[in-house]
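The lines below spell out each chain.
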Amino acid sequence: DAGITQSPRHKVTETGTPVTLRCHQTENHRYMYWYRQDPGHGLRLIHYSYGVKDTDKGEVSDGYSVSRSKTEDFLLTLESATSSQTSVYFCAISSSGRTERYFGPGTRLTVT
Amino acid sequence: TQLLEQSPQFLSIQEGENLTVYCNSSSVFSSLQWYRQEPGEGPVLLVTVVTGGEVKKLKRLTFQFGDARKDSSLHITAAQPGDTGLYLCAGAGTSYDKVIFGPGTSLSVIP
């Protein structure tokens, strides 16, 4: 299994509060991704990173920001959480030039 | 916009039966992956197919990439309860960092 951890694994928060999810990898892969998974929608890309301090938007980036200050860590921040951001969030990694994704165990976020 | 469709959405079968699930698109993909996801866990890569018409086997699972590289199928022979899970296909376009996922087929194998 790829060495990917996510924290926290579960979180309940109130509307309007900031939330940060962390992804940590031990594989030294260049690419890191944040996805959200919702029933009927599958996995949708929020943001991705192609190197330290190099990030780009995915298809559902509104309301989210990311940061990558080290190769091994990729943070996803919800500046002001909304109920529509209740979801399961997955981090994934891939090596350069490869399409395969290796996923973390996920974070279940509930915004009340 | 590239889209991937998967069918059926849900499938419940008895242990020992055979089944096929499908992944379809109107777009051409440079490669396609299949993943299996169990409840409470992240998706796990099963296989990547690259060449049109390619067939790959993984024990009782057979994966085929369509000749035109727009569709793929996953056939499971003699399904077992351990095959239960969500099967996702994912297609890569012209850029290796642009991968889209289908909504998945939820398979339940009843003992």
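Below is a short write-up of the structure. Here the residue numbers are simple positions, counted from 1 along each chain's written sequence. Labels are handed out in written order, letters beginning with A for the chains and numbers beginning with 1 for the ligands. At least 70 in pLDDT is required for a residue's local features to be given in this predicted model, at least 80 for side-chain atom pairs to be given and counted, and no such filter applies to totals for whole chains, interfaces and linings, which use all residues. Note that the side-chain values use all heavy atoms of the structure and ignore hydrogens as well as water.

## With respect to the overall build of chain A
The condition that has to hold: Helical segments are the DSSP runs of H or I of at least four residues, strand segments are the runs of E of at least two, and each set is numbered from the N terminus. The reference for a compact globule is 2.2 Å times residues^0.38; the radius of gyration itself is calculated from the C-alpha atoms. Throughout, exposure labels follow a simple rule: accessible area from a 1.4 Å probe, protein chains only, divided by the maximum for the residue type, with under 20% read as buried, over 50% as exposed, and the rest as partly exposed. Any pair of residues with heavy atoms lying within 4.5 Å of one another is described as a contacting pair. Every accessible area reported is derived by Shrake-Rupley at a probe size of 1.4 Å, with residue values counting cover from the shown protein chains alone.
When you go through chain A residue by residue, the secondary structure sums to 0 helices and 11 strands. Secondary structure elements of chain A, listed N to C terminal, follow the sequence β-β-β-β-β-β-β-β-β-β-β. The globule rule puts the C-alpha radius of gyration for 112 residues at 13 Å, and the 13 Å found for chain A is close to it. On the principal axes, the C-alpha backbone points of chain A span a range of 40 × 30 × 25 Å. Every one of the 112 residues in chain A was classed for burial, and the buried ones make up 49%. Pairs at least 24 apart in sequence give 55% of the contacts found in chain A among residues at least 6 apart. Carbon together with sulfur atoms contributes 46% to the accessible area of chain A, which is approximately 5300 Å² in total.

## Notes on the layout of surface pockets
Heads up, the rule is: A 1.4 Å probe that fits into a set of points on a 1 Å grid over the protein atoms alone but cannot get out defines a cavity; an open set with protein on both sides within 12 Å along at least five of seven lines defines a pocket, and lining residues are those with an atom within 4 Å of a point. Grid points are joined across faces, edges and corners, and a volume is the space filled by probe spheres set on the points. Asp, Glu, Lys and Arg are counted as charged, while Ala, Val, Leu, Ile, Met, Phe, Trp, Tyr, Cys and Pro are counted as nonpolar; the rest, among them Gly, fall into the polar class.
In this structure, the largest pocket spans a volume of roughly 700 Å³. Lining the largest pocket are 31 residues, and of these A:Gln37, A:Asp38, A:Pro39, B:Gln37 and B:Leu86 lie nearest its centre. Only β4 (31–38), β9 (87–94) and β11 (107–111) of chain A together with β9 (85–92) and β11 (105–110) of chain B provide two or more residues apiece to the lining of the largest pocket. When its residues are assigned to classes, the lining of the largest pocket shows 10 nonpolar, 16 polar and 5 charged.

## Looking at the interface of chain A and chain B
Definition in use: Each of two parts loses accessible area, computed with a 1.4 Å probe, when they are put together; buried area is these two losses added. Salt bridge, as used here, is a side-chain nitrogen of Lys or Arg placed within 4 Å of a carboxyl oxygen of Asp or Glu. We call two N or O atoms a polar contact when they sit within 3.5 Å, provided that within protein one can donate a hydrogen and the other can accept it, with sequence-adjacent residues counted only if both atoms are side-chain atoms.
Residue-level contacts link 20 residues of chain A with 20 residues of chain B. Contact between chain A and chain B buries roughly 1600 Å² in total, counting both sides, with carbon and sulfur atoms accounting for 54%. Among the residues of chain A in contact with chain B, A:Leu43, A:Thr99 and A:Arg101 are the three that bury the most area, contributing 32% of the side total. At the junction of chain A with chain B, the criterion picks out 0 salt bridges. At the boundary of chain A and chain B, one finds 7 residue pairs in polar contact (both at pLDDT 80 or more).

## Side note on the state of the cysteines
Which entries qualify depends on this criterion: When two cysteine sulfur atoms lie within 2.5 Å, the pair is treated as a disulfide.
Applying the stated rule across the entire model yields 2 disulfides over all chains. Note that A:Cys23 is cross-linked by a disulfide to A:Cys91, the S-S spacing being 1.9 Å. Residues A:Cys23 and A:Cys91 are joined by a disulfide whose S-S torsion is about -70°; by sign, that bridge is left-handed. Remark: A:Cys91 occurs in strand β9 and A:Cys23 occurs in strand β3 (residues 19–25); sequence separation between them is 68 residues. A:Cys91 matches A:Cys23 in its accessibility class, with the two residues each being buried. Shown here is the disulfide that connects B:Cys23 with B:Cys89, its sulfur atoms set 2.0 Å apart. Every disulfide takes its handedness from the sign of the S-S torsion; for B:Cys23 and B:Cys89 that torsion is 80°, giving right-handed. With a gap of 66 residues between them, B:Cys23 in strand β3 (residues 19–24) and B:Cys89 in strand β9 connect regions that are remote in the sequence. One exposure class covers both B:Cys23 and B:Cys89, and it is buried.

Read these as spatial facts, not as claims about activity.
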